[in-house]
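Residues per chain, in single letters:
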Amino acid sequence: MGTIVTLVVNGLAQGALIFLMASGLSIILGMMGVINFAHGTLFLWGGYMYVWSYYAIRLRVVMAWFETAVPVTRFGNILTIQGVQLPPGETLPFLAELVIFIAALLVAVGFVFVMGLVFEKLFINRVYGRVPAQILITLGIQVVFTDIVRVIWGPNPFPIDRPPFLNGVSVVGTARIVHYNVFLILVGLVIAVIIHRILTKSRIGMVIRAGLQSPDHVRAIGINIKRYFTIVFAAGAALAGLGGALYMPLVGNVVSTAGMNNQILAFIVVVVGGLGSFMGSFLGSIFLGLMGVGIAMTVPGLSVVANVLIMALVLMFRPNGLFGLAVSRAD
Amino acid sequence: MQPLLKAENIVSYIGPYTILHDVSLEVTPGEAVVILGRNGAGKTTFLKTIMGLVHTRSGILEFDGETLVDKETHVIQRKGIGYVPEDYGIFDLLTVEENMRIAMWKEDAETKARCDWVLDLFPDLKLAYKRFAKTLSGGQRQMLSVGRALVNDNRILLVDEPSKGLAPVIIQTLAGALKEISRTTTVLLVEQNFAMACAVGQRFYIINEGKTVESGTMADLIQNKELQAVHLGI
């Protein structure tokens, strides 16, 4: 029983991370008709920006707090990432650690939001309704901006600790509950509720839901849908950035291949959940997260095969996904 | 009187195909003008061309003296051109209320009053106000489509085949509503249902194979059986 509880918590945490990436991807694909292969690079930049800003802010706070603190290992090329050694037996107060963590997340999410704005304005804007061009241009962005990460921070992985206040394990009966996983589940739920509220209660949500069905008809009632496309793309990018920022402390290091690996999972969720379906992304992510940890424990060698198999079955029997819409494309 | 809407020798295309070869018409303020023609003549494409949903290759297309050519659809609509598309353009994932609200330029007292007037005009919509649009019948969807185009202070209403696929009793209701609307708003109606065209229109244009071939008053057309037979198959 304890093992099952542990696995469920781990699976839900994985699902929460996949959801952050897949929800934006699904709405971008459903509303704008854009197949965004650059989504993984936005995830990656979120991760690197989080790690870089976390280290940078923490270094300054620790150096200001403890005169005897010593800077330690240095990673990266153009923007370096530098750890700091606290004096023996000393720790930063909880509030300081919390502020550092939140500030680093905000830097990462804000930066990737701006990246999303720039990508949409410079590249995506020009290829609405032209799927082959979208695939080529977003794949190009993926390759170039992943390489830029390698140029700025180097090709090698480097470690990132979880914030001390989230870095624990509680034993409940025979179940081992990792605090960071519980945190990820809560973040996923909060983000899901916020997105749901925006989609159902705000004007922008109305436009997004209408645009998922027919961008042309939205234009024909006097709405400049291109402006909403930009906002949606940037918001989707920010969600991917948040996913990347939260993913790196989970796995304990930051590496430049993380974007592409997670992007594949997000695409599988979009296919399984259905294009443009928020609920589909949510449930599909949870399903994939739970299935992933279950298979990793029982038949580790089949985890990738299982994901692809699920996607193939859904495509065969429910091409619009389990919760999908009939989608029209922006042009 | 200066025309509110003026099209002169319009040529427009979809992808590589030229659909309109030479369409010309004028609508003056306060008129109810009907565009008639057989299936595939280019009537719907002409309305889409006005709305900027289909690209104009050449010709003059003006609204109140300003060109509409190369303008974006939302800009054209905001000039005061309400559009009721052939497939209704209803958003299934929105409720009836949301379908009305999303189209409002502003949510002021004047707009709310117009919205109330629409709900009085189409009582069915009032009953279904909180329901998702995907649950509406064909007739209710058409009423919502027309009603939505009326919530703003539009100067002209373009209506594309509102009778298509609807039961005769619903067509009668819609014809009455459009007649009522045409008392206060200029209307350009594309219609194949001759009875409805006669009920609403004062003047007509006939489009055939992407060209304007005939025009005149509805009274003349009603008398001219030969013209009806040649171009409308009646």
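Above this note sits the structure.
Remember, predicted model here, so these are calculated numbers, not experimental data.

Calculation notes
- Residues numbered from 1 in each chain as written.
- Chains lettered and ligands numbered in written order.
- Predicted model: local features only at pLDDT ≥ 70, side-chain atom pairs only at ≥ 80, totals over all residues.
- Heavy atoms only, no water.
- Helix = DSSP H or I, 4+ residues; strand = E, 2+ residues; numbered from the N terminus.
- Rg over C-alpha atoms; globule rule 2.2 N^0.38 Å.
- Buried < 20%, exposed > 50% of the residue type's maximum accessible area, 1.4 Å probe, protein only.
- Contact = heavy atoms within 4.5 Å.
- Areas by Shrake-Rupley, 256 points an atom, 1.4 Å probe, with all protein chains shown as cover.
- Lys, Arg positive; Asp, Glu negative; His and termini not counted.
- Charge placed at Lys NZ, Arg CZ, Asp CG, Glu CD.
- Phe/Tyr/Trp six-rings, centres within 6.5 Å; stacked < 30°, edge-to-face > 60°.
- Lys NZ or Arg CZ within 6 Å of the ring centre and 35° of its normal.
- Core = buried A, V, L, I, M, F, W, Y, C linked by side-chain atoms within 4.5 Å.
- Buried area = accessible area lost by both parts, 1.4 Å probe.
- Salt bridge = Lys/Arg side-chain N within 4 Å of Asp/Glu carboxyl O.
- Polar contact = N/O pair within 3.5 Å; in protein donor to acceptor, adjacent residues only side chain to side chain.
- Nonpolar A, V, L, I, M, F, W, Y, C, P; charged D, E, K, R; others polar.
- Patch = residues over 30% accessible without salt bridge, like charges linked within 9 Å, V, L, I, M, F, W, Y side chains within 5 Å.
- Expected span 1.5 Å × (residues − 1).
- Axes fitted to C-alpha atoms, helices over the stretch in contact; angles between N-to-C directions.
- Parallel < 35°, antiparallel > 145°, perpendicular 65-115°, else oblique.

A. Structural context of the overall build of chain A. Each helix and strand counted, chain A has 11 helices and six strands in total. Taken over the C-alpha trace, chain A has a radius of gyration of 20 Å; the compact-globule value for 331 residues is 20 Å, and the two agree within 12%. Taken along the three principal axes of its C-alpha coordinates, chain A extends 65 × 50 × 35 Å. Looking at chain A as a whole, 52% of its 331 residues qualify as buried. Restricting to contacts in chain A with at least 6 residues of sequence separation, those with at least 24 account for 79%. When the accessible surface of chain A is totalled, it reaches about 14,100 Å², and 71% of it is carbon and sulfur. Distance between charge centroids for chain A: 12 Å, based on 18 positive and 8 negative side chains.

B. Quick look at the overall build of chain B. In terms of regular secondary structure, chain B is built from 10 helices and 10 strands. In terms of C-alpha radius of gyration, chain B reaches 17 Å, essentially the compact-globule figure of 17 Å for 234 residues. In terms of overall dimensions, chain B has C-alpha extents of about 45 × 40 × 35 Å along its principal axes. The buried share among the 234 residues of chain B stands at 53%. Total accessible area computed for chain B in this model is approximately 10,000 Å², and 50% of it derives from carbon and sulfur atoms. Distance from the positive charge centre (25 side chains) to the negative charge centre (29 side chains) of chain B: 4 Å.

C. Expanded view of the packing of aromatic side chains. Evaluation of the coordinates by the stated rule reveals 20 aromatic pairs over all chains. Measuring from ring centre to ring centre gives 6.0 Å for Y50 of chain A and F101 of chain A, while their planes differ by 90°; the resulting arrangement is edge-to-face. Taken together, the residues Y50 of chain A in helix α2 (residues 39–65) and F101 of chain A in helix α3 (residues 94–122) connect sequence positions 51 residues apart. An identical accessibility class is assigned to Y50 of chain A and F101 of chain A; each is buried. Judged by centre distance (5.7 Å) and plane angle (40°), the rings of Y180 of chain A and F183 of chain A are tilted. Taken together, the residues span about one helical turn, with Y180 of chain A and F183 of chain A both in helix α5 (residues 179–201) at a distance of three residues. Through successive ring pairs, a cluster of aromatic residues spans W45, Y48, F75, F111, F119, F123, F145, W153 and F158 of chain A. The side chain of K134 of chain B reaches across the aromatic face of F132 of chain B, ending 5.8 Å from its centre.

D. Quick peek at the nonpolar core. Among the nonpolar cores identified, the biggest contains 151 residues, and Y50 and L246 of chain A are the most heavily contacted of them. Once you skip the residues sitting within four places of it in the chain, L246 of chain A turns out to touch L17, L20, F101, L105, Y180, F183, L184 and V187 of chain A. Counting 29 residues, the second-largest nonpolar core is a separate cluster that includes V33, A41, I50 and I156 of chain B.

E. Examining unusual backbone geometry more closely. Residue and element names in this part refer to chain B. Here Y88, not a glycine, exhibits a phi torsion of approximately 75°, which is positive. In this fold, Y88 is placed in the loop between β6 (81–84) and α3 (96–103). Even without glycine at this site, E161 takes up a positive phi of about 45°. Residue placement: E161 occurs in the loop between β7 (156–160) and α7 (168–182).

F. The interface of chain A and chain B, seen in detail. In this complex, chain A contributes 19 residues to the contact, which on the side of chain B involves 24 residues. In this assembly, chain A packs against chain B so that about 1,800 Å² is buried in total across both faces, 61% of it on carbon and sulfur atoms. For chain A, the biggest contributors to the area lost against chain B are M206, H217 and I221 of chain A; these three give 32% of the whole. Across the chain A-chain B interface, the total number found is two salt bridges. Across the pair E98 of chain B and R209 of chain A runs a salt bridge, and its minimum N-O distance is 2.8 Å. Along the contact surface separating chain A from chain B lie eight residue pairs in polar contact (both at pLDDT 80 or more). Within the residue set of the side of chain A that touches chain B, elements represented by two or more residues are α6 (203–213) and α7 (215–220) of chain A. Tallying contributions element by element places α6 of chain A first for the side of chain A that touches chain B, with six residues. Residues belonging to the side of chain A that touches chain B are distributed by class as follows: eight nonpolar, six polar and five charged.

G. Spotlight on the environment of D70 of chain B. Residue and element names in this part refer to chain B. When you line up the elements, D70 lands in the loop between β5 (66–67) and α2 (73–78). The exposed category is assigned to D70, whose relative accessible area is 74%. For the pair D70 and T56, spaced 14 residues apart in sequence, the C-alpha to C-alpha distance is 7.4 Å.

H. Up close: the pattern of salt bridges. Applying the stated criterion to the full structure yields 17 salt bridges over all chains. The salt bridge involving R150 of chain A is made with D147 of chain A; its shortest N-O contact spans 2.8 Å. Note that R150 of chain A and D147 of chain A are positioned in helix α4 (residues 131–153) at a spacing of three residues, about one turn of the helix. Note on R150 of chain A: relative accessible area 30%, which makes it partly exposed. Measuring nitrogen to oxygen at the nearest pair gives 3.9 Å for the salt bridge that ties D108 of chain B to K106 of chain B. Owing to a relative accessible area of 51%, K106 of chain B belongs among the exposed residues under this scheme.

I. How the structure looks around a nonpolar patch on the surface. Residue and element names in this part refer to chain A. On the surface, F113, V114, V118 and L122 cluster together into a nonpolar patch covering about 310 Å² of accessible area. Residue position: F113 is located in helix α3. Judged by relative accessible area, which is 31%, F113 ranks as partly exposed.

J. A look at α4 of chain A. Residue and element names in this part refer to chain A. Compared with the 33 Å implied by 1.5 Å per residue over 23 residues, the 32 Å span of α4 between its first and last C-alpha is a close match. Restricting attention to buried positions, one finds in α4 the residues Q134, T138, I141, Q142, T146, V149, I152 and W153. Looking one or two residues past α4, G154 carries a phi angle of roughly 90°, positive in sign.

K. Layout of the packing of α6 of chain A against α3 of chain B. Where α6 of chain A meets α3 of chain B, the axes come as close as 10 Å, and the angle between the chain directions of the two elements is 105°. Considering the angle they form, α6 of chain A stands roughly perpendicular to α3 of chain B. Residue-level inspection shows R203, M206, V207, R209 and A210 of chain A of α6 of chain A in contact with α3 of chain B, the latter providing E98, R101 and I102 of chain B. Among the residues forming the contact of α6 of chain A with α3 of chain B, the class breakdown is four nonpolar, no polar and four charged.

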